[in-house]
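Here is what each chain is made of, one letter per residue.
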Amino acid sequence: MTTFVDRVVLHMQAGDGGHGCVSIHREKFKPFGGPDGGNGGHGGSVSLVVDPQVTTLLDFHFRPHLKAENGKGGAGSNRDGANGHDLIIKVPNGTVVQTLDGEVLADLVGAGTTFEAARGGRGGRGNASLANARRKAPGFAELGEPGDRLDVVLELKSVADVGLVGFPSAGKSSLISVISAAKPKIADYPFTTLVPNLGVVRVDNHTFTVADVPGLIPGAATGKGLGLEFLRHVERCAVLVHVVDTATLEPGRDPLADIDTIEAELSEYGGLADRPRLVALNKIDVPDGRDLAEIVRPDLEARGFQVFDVSSATREGLKELMYAMAEVVEQARRAAPPAEPTRIVIRPRAVDDTGFTIEVEEDGSFTVRGARPERWVRQTNFDNDEAVGFLADRLARLGVEEKLAKAGANPGDLVRIGDREFDWQPTLYAGVDFVPGNRGTDIRLEEKSTRASAAERLAARKARRRRTEDELAAGGLDADLSDDLDDDDLDDDE
């Protein structure tokens, strides 16, 4: 017998982006032809797609770890790395995607419905893409961004129009095997049905699906028997049919008590109070069963139920029951709101939205949160000083340093961006024009740098100009005094 699995935990990992390449074009008579490092390829994503041919989550029970392909790294001669292939996972219709905490991420209903669960990482840019007018030959490249890592819970909720509910061995499997082409296991012991069975029923021009849910017992909504595992399969049913065994020999059992017990479990499970109910008094081919059905019929009709006497063995009363099912299903379909076409929603970013926020922690540190700053940090090679300087320039242009200063950050304070921690040093003069040094280095990051900043160099030039003007002025005064002395000497000689 095929194992049925309707709840699994998947560990999904999207592909990582490929690293960019650092390369300088060299050939004969052209020793320095400029940067030509290619970009890394993007990592593959993990997507869930509804496939009508898939009816169970059994494959994921034995293979819960899924990983998409990584992007390839860039190469010299401007060769970009290949993108990783996306991983497409086929799931049954009615699969609900949840987090481990129970938050619903997607409800996949309808053939072809797709949900991208984990997005692949971006590929890093090579030094050819990072070159600009000031940095003509970057000695660094961006690292590939890691892909998303996500643990999700997949739950299968059968998509059926009619749900058959009742005690074990009430005849639900026999009933669905007669009115449809489904062939469930049928035996004379409780809990024969261990998995939900779906059957398609055609009545004139009406077609609908019927689900045979495993038998419910008192306490099913709290985990007893098989009820808690399979009650979710009746959530999507538009109609519920109570299948009652009128020929049971168990003491203390009667149709009214059975229906009250099942209704109590459905009420405790919740969300099913608005579904219309039908009652099928089964096994009237047994004399005692027919007599009991005639006795309880007035009480059930007084409660507002539509009651049908049926027999799966002789097929008595099945046509009336099937027509009643089709009528109630059609009423539910007409009452349902029309399906709206998918609309593209555009949410433009506010003009004053910088794309990041700064939070002051209790320990006095600062945390920068934002998609762009965190992505830039992940793509930075911190073993390369030039790459670190490039990151500082990008953060300064984005306004991170300005906001840190306004938030009260002082030099040496701890700043977190993503999974990295920094000692904030605004004296790096990030964002100002500077002359790049050797490839892979940044003179601003040298511990004992003798290079003055642009402001210091400007002040020194102004000081030299003032000193020159003062010296010239002092030199002119000395010349006048010497002329006066020479005239006095001439007068004395005379």
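It should be emphasised that the depicted structure is a prediction, and the values quoted were computed from it without experimental measurement.

So, how was this worked out
- Within each chain, residue numbers correspond to sequence positions counted from 1 in written order.
- For this predicted model, a pLDDT threshold of at least 70 governs which residues receive local features, and a threshold of 80 or more governs which side-chain atom pairs are given and counted, while totals over whole chains, interfaces and linings are taken from all residues.
- Processing note: side-chain calculations cover all non-hydrogen atoms of the structure and skip hydrogens and water entirely.
- For this analysis, a nonpolar core means a set of buried residues of the types Ala, Val, Leu, Ile, Met, Phe, Trp, Tyr and Cys, connected via side-chain atoms within 4.5 Å.
- Each residue gets one of three labels from its accessible area relative to the maximum for its type: buried under 20%, exposed over 50%, partly exposed in between, using a 1.4 Å probe on protein chains only.
- Numbering of helices and strands runs from the N terminus, with a helix taken as a DSSP run of H or I at least four residues long and a strand as a DSSP run of E at least two residues long.
- What counts as an axis is a line fitted to C-alpha atoms, over the stretch in contact for a helix, and the angles between N-to-C directions run from 0 to 180 degrees.
- What sets the label is the angle itself: under 35 degrees gives roughly parallel, over 145 gives roughly antiparallel, 65 to 115 gives roughly perpendicular, and the rest give oblique.
- Should any heavy atoms of two residues lie within 4.5 Å, those residues are considered in contact.
- Throughout, the ten residues Ala, Val, Leu, Ile, Met, Phe, Trp, Tyr, Cys and Pro are labelled nonpolar, Asp, Glu, Lys and Arg are labelled charged, and all others, Gly among them, are labelled polar.
- Pairs were defined over the aromatic rings of Phe, Tyr and Trp, the Trp ring being its six-membered one, requiring ring centres within 6.5 Å. Orientation was assigned from the angle between planes: stacked under 30 degrees, edge-to-face over 60, tilted for the rest.
- Charge-over-ring placement is defined geometrically: NZ (Lys) or CZ (Arg) within 6 Å of the ring centre, and within 35 degrees of the ring normal.
- Scored from 0 to 100, pLDDT reflects the predictor's confidence in each residue.
- Expected helix span is computed as 1.5 Å times (number of residues minus one).
- Pairing of N or O atoms within 3.5 Å defines a polar contact, subject to two protein rules: one partner must be a possible hydrogen donor and the other a possible acceptor, and residues neighboring in sequence count only if both atoms are side-chain atoms.
- For two strands to count as paired, DSSP must find a minimum of two bridges between them.
- Think of a salt bridge as a Lys or Arg side-chain nitrogen and an Asp or Glu carboxyl oxygen that are within 4 Å of each other.

Q: Run through the nonpolar core, naming residues and quoting values.
A: The biggest cluster of nonpolar side chains holds 25 residues, and the ones touching the most others in it are Val162, Leu164, Phe208, Val210, Val241, Leu278 and Met325. If you list the elements that add at least two residues to this core, you get strand S9 (162–165), helix H3 (172–179), strand S10 (197–203), strand S11 (206–212), strand S12 (239–245), strand S13 (277–282) and helix H7 (318–335). Looking at this core, the element that brings in the most residues is H7, giving eight residues. Within the second largest apolar cluster, 21 residues are counted, among which are Val50, Ala106, Ala118 and Leu154.

Q: How would you summarise the packing of H3 against H7 if you had to cite specific residues and measurements?
A: The contact between H3 and H7 brings their axes to 12 Å, and the two run at 85°. Classed by the angle they form, the pair H3 and H7 counts as roughly perpendicular. Together, Leu175, Val178 and Ile179 of H3 and Leu318, Leu321 and Met322 of H7 make up the contact between the two elements. When its residues are assigned to classes, the contact of H3 with H7 shows six nonpolar, no polar and no charged.

Q: Give me the lowdown on the packing of aromatic side chains, citing residues and values where you can.
A: Per the stated rule, a full pass over the model turns up two aromatic pairs. Centre to centre, the rings of Phe140 and Phe390 are 5.2 Å apart; their planes meet at 45°, and the pair counts as tilted. Highlighted residues: Phe140 in the loop between helix H2 (127–130) and strand S8 (149–156) and Phe390 in helix H9 (residues 385–398), separated in sequence by 250 residues. In this structure, Phe140 and Phe390 share a single accessibility class: buried. Seen in terms of ring centroids, Phe382 and Phe422 are 5.8 Å apart; in terms of plane orientation they differ by 40°. Their pairing is tilted. With a gap of 40 residues between them, Phe382 in the loop between helix H8 (371–378) and H9 and Phe422 in strand S18 (residues 420–423) connect regions that are remote in the sequence. The ring of Phe356 carries the charged tip of Lys403 above its face, separated from the ring centre by 5.1 Å.

Q: Any details on the side chain of Thr99? Residues and values, ideally.
A: Locating Thr99 in the fold gives a position in strand S5 (residues 95–99). Filtering out sequence-adjacent residues up to four positions away, Thr99 remains in contact with Leu105, Asp151 and Val153.

Q: Outline the confidence of the model for the chain, supporting the account with residue identities and numerical values.
A: Close inspection of predicted coordinates is inappropriate for parts of the model with low pLDDT. Per-residue pLDDT for the chain has a mean of 80; in total, 81% of the residues score no lower than 70. Within the chain, the lowest mean pLDDT, 51, falls on helix H4 (residues 227–230), and the highest, 94, falls on strand S3 (residues 65–67). In this model residues 185–194 is a low-confidence stretch, pLDDT under 50, and it forms 23 contacts with partners more than four residues away in sequence or in other chains. Here residues 218–228 is modelled with pLDDT under 50, and outside its nearest four sequence neighbours on either side it reaches 26 contacts, counting other chains as well.

Q: Any chance you could break down H9 for me, citing the residues and the numbers?
A: Between the first and last C-alpha of H9 there are 20 Å, a value that for 14 residues agrees with the 20 Å anticipated at 1.5 Å per step. H9 sits mainly inside the fold: eleven of its 14 residues count as buried. Residues Glu386, Ala387, Val388, Gly389, Phe390, Leu391, Ala392, Asp393, Arg394, Leu395 and Leu398 constitute the buried set of H9. Check the buried side of H9 and you find it contacts H2, H8, helix H10 (400–406) and strand S17 (414–417). With a side-chain oxygen lying 2.9 Å from the backbone nitrogen of Glu386, the N-terminal cap of H9 falls on Asn384. Following H9 by one or two positions, Gly399 has its phi on the positive side, about 100°.

Q: With reference to specific residues and values, describe the sheet that holds strand S2 (residues 46–50).
A: In space, the three strands of this open sheet follow the order S4-S2-S7, with mixed pairing throughout. If you trace the sheet from one side to the other, it starts and ends with strand S4 (87–91) and strand S7 (114–118), each paired once. Averaged over all adjacent pairs, the angle separating strand axes in this sheet is 30°, with direction ignored.

Q: I'd like a description of the pattern of salt bridges, backed by residues and values.
A: Counting across every chain of the model gives 21 salt bridges. Note that Asp245 and Lys283 form a salt bridge whose closest N and O atoms lie 3.2 Å from each other. Residue Asp245 is located in strand S12, and its partner Lys283 is located in the loop between S13 and helix H6 (287–302); the two are separated by 38 residues in the primary sequence. Under the relative-accessibility criterion, Asp245 is labelled buried at 7%. Judged by relative accessible area, which is 25%, Lys283 ranks as partly exposed. Close ionic contact of Arg303 with Asp260 constitutes a salt bridge, the shortest N to O distance being 2.7 Å. Linking Arg303 in the loop between H6 and strand S14 (306–309) with Asp260 in helix H5 (residues 255–269), this pair joins segments that are 43 residues apart in sequence. Judged by relative accessible area, which is 42%, Arg303 ranks as partly exposed. When its relative accessible area of 38% is taken as the criterion, Asp260 is described as partly exposed. One continuous salt-bridge network, built from bridges that share partners, spans Arg125, Glu142 and Arg394.

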